[in-house]
Every structure is written in structure tokens, then in C-alpha cells.
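Overview (structure and organization)
What follows is the residue order along each chain.
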Amino acid sequence: MPTGLLITRPRAEATRLAERLDSLGIRSWVYPTIDIAPLAPTAESLSWAAQAELWIFVSANAVQAGWTLLAPLHQETHRLAAVGLATARRLQEASGTSVLYPTQGADSEALLALPLFQNVDHWKIAIIRGRGGREWLREALEQRGAQVGYIECYVRQVPRQYNPETLEEALQAGASISVQSTESLHNLWAMASPAQREVLATRPFIVSHPRIAAALRALGLPHPVVLSPGDDALVAHYQKKGHSHG
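Quick look at the structure, then. (Residues numbered from 1 in each chain as written. Predicted model: local features only at pLDDT ≥ 70, side-chain atom pairs only at ≥ 80, totals over all residues. Heavy atoms only, no water.)

Brief notes about the overall build of the protein
Spelled out, the test is: Each helix corresponds to a stretch of at least 4 residues labelled H or I by DSSP, and each strand to a stretch of at least 2 residues labelled E; elements are numbered beginning at the N terminus. Here the radius of gyration uses the C-alpha set of atoms, whereas the globule reference equals 2.2 Å times the residue count to the power 0.38. Exposure classes here rest on a 1.4 Å probe applied to the protein chains alone. A residue is buried below 20% of its type maximum, exposed above 50%, and partly exposed in between. Two residues qualify as a contact provided that any one of their heavy atoms is within 4.5 Å of a heavy atom in the partner residue. Here the Shrake-Rupley method, with its probe set to 1.4 Å, supplies the accessible areas, and only the displayed protein chains count as covering residues.
Helix and strand counts for the protein come out as eleven helices and eleven strands. For 246 residues, the compact-globule estimate of 2.2 N^0.38 gives 18 Å, and the protein sits close to it at 19 Å. Its C-alpha atoms put the protein at 55 × 35 × 35 Å along the principal axes. Counting all 246 residues of the protein, 47% fall into the buried class. By sequence separation, contacts in the protein at least 24 residues apart represent 66% of the contacts at least 6 residues apart. Surface summary for the protein: the accessible area is close to 12,000 Å², and the carbon and sulfur share equals 51%.

Given below as C-alpha cells:
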């Protein structure tokens, strides 16, 4: 019997996935554990974006929050890159131009394995992202001789309003838990009651990166299913399993 999926992504992304699952007859619960709030980039960072030869968008949220701000600065000389297929699709839709992205993997490491990034000495590169986050991409590019600046256009935060009954209903129905970031996981854990944490410790998790799997193990939670980021892999997983375990 299908048991469904609890989706912890930010609301806009979660709703899109829920509608897709619903069209396939798969029950889902939208329970965002991260809110995305717009953040106005500094004039200095926008000036850097105008000078940069390459813009790297680290997530679909970066595209949604950043492209409208950056579009007036975009020139044909600016190359666009994304860390994975899902982000690349959103960026291609928004920009109407080609986007470089890794076809194997969907993280910073996969992006920097591409041939273009083997020789970026003296390049000016803008990374479009939310406030905070991993520093690995910037550090790796600087080690290769690039000059790198951030354009921070949103902030991630714990939702101020949420409905614990949604989580309770999903857990009681035996839903699996979809988690797309370690921050989302930690927020889920913080938002859950002690009794809900006990149930979470018995539920199957579906995650999008080995880093999240490691964070689950650190909380003493079961080893998850690790899929590629984006909706396609998750939907394919459900279709392959015939909805048998949510």
C-alpha cells in the first residue's frame, strides 16, 4: 500500500513536487522546514557581477531570488553555470540562454570537474547563493587562480509558522521523509516534538546527497535512500518501487 511522502523543501518547491506526485496517485504532505526570504544584494556585489565573466548559481532558490536582480546586468559575455540539472533547467527558463552544468552529479565538486574549470586562472567569477553556506566552491576556485565574489540574494530560516499536525498526520500514515539539505534536516528535528522524533527514528528517509546521509547517522536515524537531487530521480524512484514503501 502506498504510504506517501513528507516533503520538507521550501514551500514553492515542495508544492510543485506535491502536485506532480498527486498526478501519479502518490499522497504527499507539504511541510517546509526552511523558509526562503529575499535579500537585497549589496551595490558592491552587483558591481562584481557586472564585471565577472562567469555566474554560478548554486540552487534553484538562487535562480528564483537572483535572476530578476541580475538580469539587467546580463551581457552575452557572461557565461552561466549551475551546480545540477534542476538548477540549470530553472536558469535556462529564466535566462533564455545556455547553461553549463555537470551531467554526472549535482554539487560543487561535480561542477568543478568539468573541463572549463580546469583553467580559470585570473577569471572573475560570481557565485549567486543564499547568505552563509559551504565555502568549498569559492576556496577551490581561488586555489585555481580565480577571483571570486558572492552575490547573496536570499536567506534561509526556520519557518516562523508551521502546522505540527501536518507532520503528525504524515508520520501516522507511515510516510517517508524527503530531505534536500542538512539544514532542512536539523530544522525538521528541532520542529518535531520528542514523541515525533521517536517516530522519525523509525521512518525511511530519502535524501539528495551523502552529506545529508551522514547528518542522519549523526542523529542516530536510519540509513537513508540517497538519490540524485531534483524531482526526476525522486519520481522515478517511486515509479520503480510501485509506491510500495512510500
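So, next bit.
As for the pairing of strand E4 (residues 54–57)
Note the cut-off: Being paired, for any two strands, means DSSP has found at least two bridges between them. When the strands point away from the viewer and the connection leading from the first strand across the helix to the second strand turns clockwise, the crossover is called right-handed.
The two faces of E4 match: Leu54 and Ile56 on one face and Trp55 and Phe57 on the other face are all buried. Sheet topology note: the E4/strand E5 (residues 79–82) ladder contains four bridges and is parallel. Considered in E5, the bridge of isoleucine 56 is made with alanine 81. Read as a crossover between parallel neighbours, the route from E4 over helix H3 (residues 60–70) to E5 is right-handed. In the sheet, E4 pairs with strand E6 (residues 124–129) via four bridges, with the strands oriented parallel. Bridging from a neighbouring strand, phenylalanine 57 pairs with isoleucine 128 of E6.

Some thoughts on unusual backbone geometry
Of note, histidine 122 is a non-glycine position whose phi angle comes to about 70 degrees, a positive value. With respect to the helices, strands and loops of the structure, histidine 122 is situated in the loop between helix H5 (108–112) and E6.

So, helix H1 (residues 11–23)
Counted only if it meets this: To estimate the expected span of a helix, count its residues, drop one, and scale the result by 1.5 Å. It is the directions from the helix axis to the C-beta atoms whose arc is reported.
Along its 13 residues, H1 runs 18 Å from first to last C-alpha, staying within 8% of the 18 Å computed at 1.5 Å per residue. All of the buried residues in H1 are Glu13, Ala14, Leu17, Ala18 and Leu21. The buried side chains of H1 occupy one side of the element, clustering within an arc of 130 degrees when seen end-on. Turned more than 90 degrees away from the buried face of H1 sit Arg11, Glu19, Asp22 and Ser23, all of them exposed.

Describing the environment of isoleucine 212
One can find isoleucine 212 in helix H10 (residues 210–218). In the structure, isoleucine 212 is positioned 32 residues away from glutamine 180 in sequence and 7.6 Å away in space, judged by C-alpha atoms. With residues up to four places along the chain from it excluded, the contact list for isoleucine 212 reads Val179, Gln180, Ser181, Thr182, Leu185 and Val207.

Some thoughts on the packing of H3 against helix H4 (residues 85–95)
Where we set the bar: Fitted lines through C-alpha atoms give the axes, limited to the stretch in contact for helices. The angle between two N-to-C directions lies from 0 to 180 degrees. Oblique is the label for every angle not falling under 35 degrees (roughly parallel), over 145 degrees (roughly antiparallel), or within 65 to 115 degrees (roughly perpendicular). A crossing counts as left-handed when the near helix is turned anticlockwise from the far one by less than a right angle, and as right-handed when that turn is clockwise. As a working rule, the residues Ala, Val, Leu, Ile, Met, Phe, Trp, Tyr, Cys and Pro are called nonpolar, Asp, Glu, Lys and Arg charged, and the rest polar, with Gly in that last group.
Where H3 meets H4, the axes come as close as 8 Å, and the angle between the chain directions of the two elements is 20 degrees. Taken as axis vectors, H3 and H4 run roughly parallel relative to one another. Where H3 crosses over H4, the two elements pack in a sense that is right-handed. Across the interface between the two elements, Ala60, Val63, Gln64 and Trp67 of H3 pack against Thr87, Arg90, Leu91, Ala94 and Ser95 of H4. Its residues assigned to classes, the contact of H3 with H4 comprises five nonpolar, three polar and one charged.

Some points on the sheet that holds strand E7 (residues 147–152)
Pairing within the open sheet is parallel, and its four strands lie in the order E5-E4-E6-E7. Pairing within the sheet leaves two strands with one partner each, and these edge strands are E5 and E7. On average, each strand axis in the sheet is inclined to that of its neighbour by 25 degrees, with strand direction left out of account. By the bridge criterion, six bridges tie E6 to E7 in an arrangement that is parallel. Opposite isoleucine 127, over in E7, you have tyrosine 150 as the bridge partner. Packing of H4 onto the sheet brings it into contact with E4 and E5, and relative to E5 it is tilted by some 145 degrees.

Considerations on the packing of aromatic side chains
To keep it simple, the criterion reads: Whether two aromatic rings pair depends on their centres lying within 6.5 Å, for rings of Phe, Tyr and Trp, where Trp uses its six-membered ring; planes under 30 degrees apart make the pair stacked, over 60 edge-to-face, and the rest tilted. Only Lys NZ and Arg CZ are tested; either one counts as a charge over a ring when it is within 6 Å of the ring centre and within 35 degrees of the ring normal.
A complete count under the given rule lists three aromatic pairs for this structure. A ring pair is formed by tryptophan 55 and tryptophan 67, whose centres lie 6.1 Å apart and whose planes are at 65 degrees; its orientation type is edge-to-face. Taken together, the positions of tryptophan 55 in strand E4 and tryptophan 67 in helix H3 put the pair twelve residues apart, joining distant regions of the chain. For the pair formed by tryptophan 55 and tryptophan 67, the shared burial category is buried. Between phenylalanine 57 and tryptophan 67, the aromatic rings sit 6.2 Å apart at their centres with planes inclined by 50 degrees, giving tilted as the arrangement. Of this pair, phenylalanine 57 sits in strand E4 while tryptophan 67 sits in helix H3; the two residues are ten residues apart in sequence, bridging distant segments of the chain. Of the two residues examined, phenylalanine 57 and tryptophan 67, each falls in the buried class. An aromatic cluster is built from Trp55, Phe57 and Trp67, whose rings are joined through pairwise contacts. The positively charged end of arginine 129 is found above the aromatic ring belonging to tyrosine 150, 3.6 Å away from the centroid. A cation sits over an aromatic face here: arginine 138 above tyrosine 150, 4.8 Å from the ring centre.

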